[in-house]
Amino acid sequence: MPLMTIGYEGASLEDFLNTLEAADVSVIADIRELPISRKRGFAKTRLSKALEERGIGYIHLRALGDPKPGREAARNGNFDLFREIFTTHLRTEKARIALNDLKQLAESQLVCLLCYERDPKHCHRSIVAERIRRRVSTSVKHLGVAKGIADSHEHNEAAA
């Protein structure tokens with residue numbers, strides 16, 4: 001089964017939830033360092049409750065969140081620095097433990113990594129997904145939430 005990722009930027013909660021249901025997601029792994037949002041319904045408590053009502057599990061893996069300097073570098077368009085900061089962060093003990101927990105979860109359930117950015121290209125969730133893809137020998141599917149429908153960008157590289 002593939003590992004999925006999703007960003008909620010520009011999405012309504014209803015379209016977001018419908019996208020997850022259509023993709024048969026079992027559990028959302030929230031990899032935001034701070035699971036808060038100004039966007040209604042996407043803060044940790046409200047989101048986990050909405051997911052539960054749809055039969056989708058929720059886990060927050062704070063240690064896989066992008067630290068503030070990485071978020072700032074990405075916001076400023078310095079993606080090389082962003083990648084350097086986040087890659088260094090993934091070497092911490094807490095991040096390594098969280099990656100292992102995520103790997104185990106992805107081996108048994110259809111997991112979708114959650115972050116804010118709609119485009120996965122410059123989002124840390126793509127880096128996390130790639131790490132898990134190599135460990136689990138799976139593909140990665142990036143879900144995009146569109147009004148009333150789900151679009152996707154699929155990456156089917158098999159792990160070597």
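To be clear, the structure that these remarks concern was listed above.
Notes on the structure in this doc start here.

How each quantity is defined
Residues numbered from 1 in each chain as written. Predicted model: local features only at pLDDT ≥ 70, side-chain atom pairs only at ≥ 80, totals over all residues. Heavy atoms only, no water. Salt bridge = Lys/Arg side-chain N within 4 Å of Asp/Glu carboxyl O. Helix = DSSP H or I, 4+ residues; strand = E, 2+ residues; numbered from the N terminus. Buried < 20%, exposed > 50% of the residue type's maximum accessible area, 1.4 Å probe, protein only. Lys, Arg positive; Asp, Glu negative; His and termini not counted. Contact = heavy atoms within 4.5 Å.

Where side chains of opposite charge bring their charged atoms close, a pairing between them can arise. One pass over the full model with this rule turns up nine salt bridges. A salt bridge links Glu21 to Arg54, with the nearest nitrogen and oxygen atoms 2.9 Å apart. Placement of the pair is Glu21 in helix 1 (residues 13–22) and Arg54 in the loop between helix 2 (44–53) and strand 3 (57–60), with a sequence separation of 33 residues. For Glu21, a relative accessible area of 35% gives the class partly exposed. Arg134 is the salt-bridge partner of Glu130, the closest N and O atoms lying 3.4 Å from each other. Note that Glu130 and Arg134 are positioned in helix 6 (residues 124–136) at a spacing of four residues, about one turn of the helix. You can call Glu130 partly exposed: its relative accessible area is 25%. On the accessibility criterion, Arg134 (48% relative accessible area) is partly exposed.

Before going further, it helps to examine the side chain of Asp66. If you trace the backbone, Asp66 turns up in the loop between strand 3 and helix 3 (68–75). Among buried charged residues, Asp66 stands out as having no salt bridge; its nearest opposite-charge side chain is Arg71, 6.0 Å away. With near-sequence residues (within four places) excluded, Asp66 lies in contact with Ile31, Glu33, Arg71, Phe82, Phe86 and His124.

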